[in-house]
Amino acid sequence: APAGGSSTVARSSNSEGTIVGYFRDVNGETRACVWTAAGVFDLNALAPVPSDWTLIGAKAINEFGQIVGAAVHQVTGQIRTYRYDPPTETALPQIVLMGDPTSSVDYHITYNRPLNNLGDVSYSATFPDGKTYVYVQTMDGTLFQRQGIQLQSINDWRQVVGANIRWNAASGLVETFSSSITATDINASGTFVGR
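Residues numbered from 1 in each chain as written. Predicted model: local features only at pLDDT ≥ 70, side-chain atom pairs only at ≥ 80, totals over all residues. Heavy atoms only, no water.

**Considerations on the packing of aromatic side chains**
So, step 1. Under the criterion given, the structure shown has five aromatic pairs.
So, step 2. Pairing Tyr123 with Tyr135 gives two aromatic rings, centres 5.2 Å apart and planes at 25°, and the pair type is stacked. Here Tyr135 lies in strand β11 (residues 132–137) and Tyr123 lies in strand β10 (residues 121–126), a separation of 12 residues in the sequence.
So, step 3. Take Tyr123: its relative accessible area is 1%, and that puts it in the buried class.
So, step 4. In this structure Tyr135 comes out as buried when scored by relative accessible area, which is 6%.
So, step 5. Residues Phe177 and Phe192 carry aromatic rings whose centres are separated by 5.1 Å and whose planes lie at 45° to one another, so their mutual orientation is tilted. Separated by 15 residues along the polypeptide, Phe177 in the loop between β16 (174–176) and β17 (183–186) and Phe192 in strand β18 (residues 192–194) bring together distant segments of the chain. (Phe/Tyr/Trp six-rings, centres within 6.5 Å; stacked < 30°, edge-to-face > 60°. Helix = DSSP H or I, 4+ residues; strand = E, 2+ residues; numbered from the N terminus. Buried < 20%, exposed > 50% of the residue type's maximum accessible area, 1.4 Å probe, protein only.)

Listed below in structure tokens is the structure:
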């Protein structure tokens, strides 16, 4: 764990051997962290975090080092999904918060694989009227949404699966399978697994 931290938990890794997860700081609060060959780092220290927000966990990392997880607003307690974009030759590292910035609802990652190698992030929100929406947000800010169930995994073709549904976010096509099927992960060719 970073200095003074404890209770580290790993959640995901990529083929480079980079691992993401969270740790407990000296105050017992959870914070997102990343393990590399150089050590373990608090993700909050690697890029400017939006004012009054703390990255409390990292859920997934892709092959390009992008990370997604949960952030909490220090005043309101609102939860938002974030994407960390690592530095490149032409850009500094950044944190992008997902969801409507004017909304007070929580935007959650509830997925096994919420991030693909394109940098697309899938997440969900349940509104006061009880309606749940699922979203796919792309690197350029394009937002796809549909009302319905919580989805589990996204592939590099922007196909998302969950329960008995495969949704192609880019085309809008929704395929519904037998209600006895629960899809939990999908690969690059569109084949899904579950129970």
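After that view, the rundown keeps rolling.
**Some details on the sheet that holds strand β7 (residues 79–85)**
Sheet strands associate in pairs through backbone hydrogen bonding, adopting either a parallel or an antiparallel arrangement.
So, step 1. Ordered by their spatial adjacency, four strands build an open sheet running β5-β6-β7-β8, and the pairing between neighbours is antiparallel. Sheet topology places β5 (53–61) and β8 (94–97) at the edges, where each strand pairs with a single neighbour. Ignoring strand direction, the axes of neighbouring strands in this sheet form an average angle of 30°.
So, step 2. With seven bridges joining them, β5 and strand β6 (residues 67–73) adopt antiparallel strand pairing. Bridge pairing links Leu55 to Ala71 in β6. (Pairing = 2+ DSSP bridges. Axes fitted to C-alpha atoms, helices over the stretch in contact; angles between N-to-C directions.)

**Describing the environment of Thr126**
So, step 1. Structurally, the position occupied by Thr126 is in strand β10.
So, step 2. C-alpha separation for the pair Thr126 and Val105, spaced 21 residues apart in sequence, amounts to 7.2 Å.
So, step 3. When near neighbours in sequence (up to four residues on either side) are disregarded, Thr126 contacts Val105, Asp106, Lys131, Thr132 and Gln150.
So, step 4. Side-chain polar atoms of Thr126 contact the side chain of Thr132, separated by 2.9 Å. (Contact = heavy atoms within 4.5 Å. Polar contact = N/O pair within 3.5 Å; in protein donor to acceptor, adjacent residues only side chain to side chain.)

**Focus on the pattern of salt bridges**
So, step 1. Tallying each qualifying case throughout the model produces five salt bridges.
So, step 2. Salt-bridge contacts for Arg113 lead to Asp185; the nearest nitrogen and oxygen are separated by 2.7 Å. Within this pair, whereas Arg113 is found in the loop between β9 (107–108) and β10, its partner Asp185 is found in strand β17, the two being separated by 72 residues in sequence. (Salt bridge = Lys/Arg side-chain N within 4 Å of Asp/Glu carboxyl O.)

**Let's talk about the side chain of Thr138**
So, step 1. Summarising the element assignment, Thr138 is placed in the loop between β11 and β12 (143–147).
So, step 2. Sequence-distant contacts of Thr138, that is, excluding residues within four places in its chain, are made with Arg83, Asp120, Phe144 and Arg158.

**Regarding the nonpolar core**
So, step 1. In terms of nonpolar packing, the biggest core is built from 22 residues, with Tyr123, Val136 and Trp167 touching the most fellow members.
So, step 2. For this core, the elements supplying multiple residues, two or more each, are β10, β11 and β15 (165–168).
So, step 3. For this core, the element with the highest residue contribution is β11, accounting for four residues.
So, step 4. Formed by 15 residues, the second largest nonpolar core is a distinct cluster that contains Val20, Ala47, Ala58 and Ala71. (Core = buried A, V, L, I, M, F, W, Y, C linked by side-chain atoms within 4.5 Å.)

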